[in-house]
Amino acid sequence: MPSSTTGPDSSPFIRAVGRALPPHYATQEQLISAFRELWATRHFNVERLEDLHRAVQVSGRHLALPIESYPALVGFQQRNDAWIRAATEMSETVVSQALDKAELSPADVDHVFFVTVTGLATPSIDARVANRLRFREDFKRTPLFGLGCVAGAGGIARAADYLRAFPSQTALVITTELCSLTLQREDLSIPNIIASGLFGDGAACAVLRGAETPGAKGPRVVASRSVFYRDTERIMGWDVVDSGFKVVLSAKVPGLVREHIRRDVDRFLEAHGLSRGDVRHWVAHTGGPKVLKAFEEALELESAALERSWRSLREVGNLSSASVLFVLGETLEGPEPRPGDWGLMMALGPGFCAEMVLLRW
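Residues numbered from 1 in each chain as written. Predicted model: local features only at pLDDT ≥ 70, side-chain atom pairs only at ≥ 80, totals over all residues. Heavy atoms only, no water.

For the protein, an unreviewed UniProt entry supplies the name Type III polyketide synthase and the organism Pyxidicoccus fallax. You can read under Sequence similarities (unreviewed entry) in the UniProt record for the protein the words "Belongs to the thiolase-like superfamily. Chalcone/stilbene synthases family." (UniProt positions renumbered as here; feature names shortened; annotations may be inferred.)

With that settled, the discussion passes to the UniProt feature "domain: Chalcone/stilbene synthase C-terminal" (unreviewed entry) in the protein. In the UniProt entry, the feature "domain: Chalcone/stilbene synthase C-terminal" (unreviewed entry) is given for residues 225-360. Between the C-alpha atoms that bound residues 225-360 the distance is 15 Å, and the span itself is 38% helix and 28% strand. (Helix = DSSP H or I, 4+ residues; strand = E, 2+ residues; numbered from the N terminus.)

Let's shift gears to the pairing of strand E10 (residues 244-249). Walk down a regular strand and you will see the side chains alternate between the two sheet faces. A large share of E10 lies buried, amounting to 5 of its 6 residues. The pairing of strand E9 (residues 236-241) with E10 spans 6 bridges and is antiparallel. Each bridged residue has a counterpart across the sheet, and for Met236 the counterpart in E10 is Leu249. Counting the residues between successive antiparallel strands, the hairpin from E9 to E10 contains 2 residues. (Buried < 20%, exposed > 50% of the residue type's maximum accessible area, 1.4 Å probe, protein only. Pairing = 2+ DSSP bridges.)

Inspection of every chain in the model, using the stated rule, returns 7 aromatic pairs. An aromatic cluster of at least three residues, connected via ring pairs, comprises Phe76, Phe145, Trp238 and Phe245. (Phe/Tyr/Trp six-rings, centres within 6.5 Å; stacked < 30°, edge-to-face > 60°.)

Close approach of charged atoms allows side chains with opposite charge to pair. Tallying each qualifying case throughout the model produces 23 salt bridges. The closest approach of N and O atoms between Arg311 and Glu307, which form a salt bridge, is 3.7 Å. Separated by 4 residues within a single helix, Arg311 and Glu307 lie in helix H9 (residues 307-316), roughly one turn from each other. Using a relative accessible area of 31% as the deciding quantity, one classes Glu307 as partly exposed. (Salt bridge = Lys/Arg side-chain N within 4 Å of Asp/Glu carboxyl O.)

Right, dumping it as structure tokens:
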């Protein structure tokens, strides 16, 4: 990997990020009301439901379908069919948006990394988008399933690895997550109640270009690092049951952040001659209030350092793998980045694992 002493000129760069939310929106109060009606008949403690929903500090979520359409979805097949339809539409939207921002066309795309954890499709959604937008016949496809929230940063890292080998090419990272279509209405566990208040729907697409492509613009992907935490499979993920994806979400996540993230970030930065004080832009996945607070405390960050992540969490919730790309997109379009600035993208997810991506403008 290139280091800070050799400069980032041989590194791929992120040219643009497209982002989209589905058109249907529900406030947290509307969602609480809908869940109260559903779960009160099951003798669930409704006051506890409201406490858990308000604790995640999300004001509302965009939904793949109108809120009144969800009760009609019975069983995994109906939910997954709805996921395929909505995921295809949203993926096409963000790809078109990102290519327009990058001043490129579908014919310029050499490789697509498609990321999701909220639905299944074979052929994968990227193939359907390729048909709609008429990508070249020789473009490459790498669908990635199962990385969950960490996959936004992981997708950027893997695409950058590819472009170091093929520096004249262009790659897309598409992250499309429709968390609302995974909700298990019969599951009254605390993890499912929290998930029903925290996770939202959205899609994003990042355009990355190799170092030898013309018109270099945007931050360079200088380096990346993956960290795998052994024997933590039950921290986060899915149990695949007859009705679909049943959430696994442990209360231990913030503790893992506090235990590991400072050491892992410091080692990563030190390998490139940097320290936390050199990082001007922190691009953190919006894991939830406790996770973001753990990031701040472990990394000794000022309250404003993660403001984009906090704002994204409040406005749209945790969009799984797409969240960190939403924060990245806002960073790219903001007035703050200056030539020479360093940035660090970071996310956590099933495994349990971390992905860190070092950026330089």
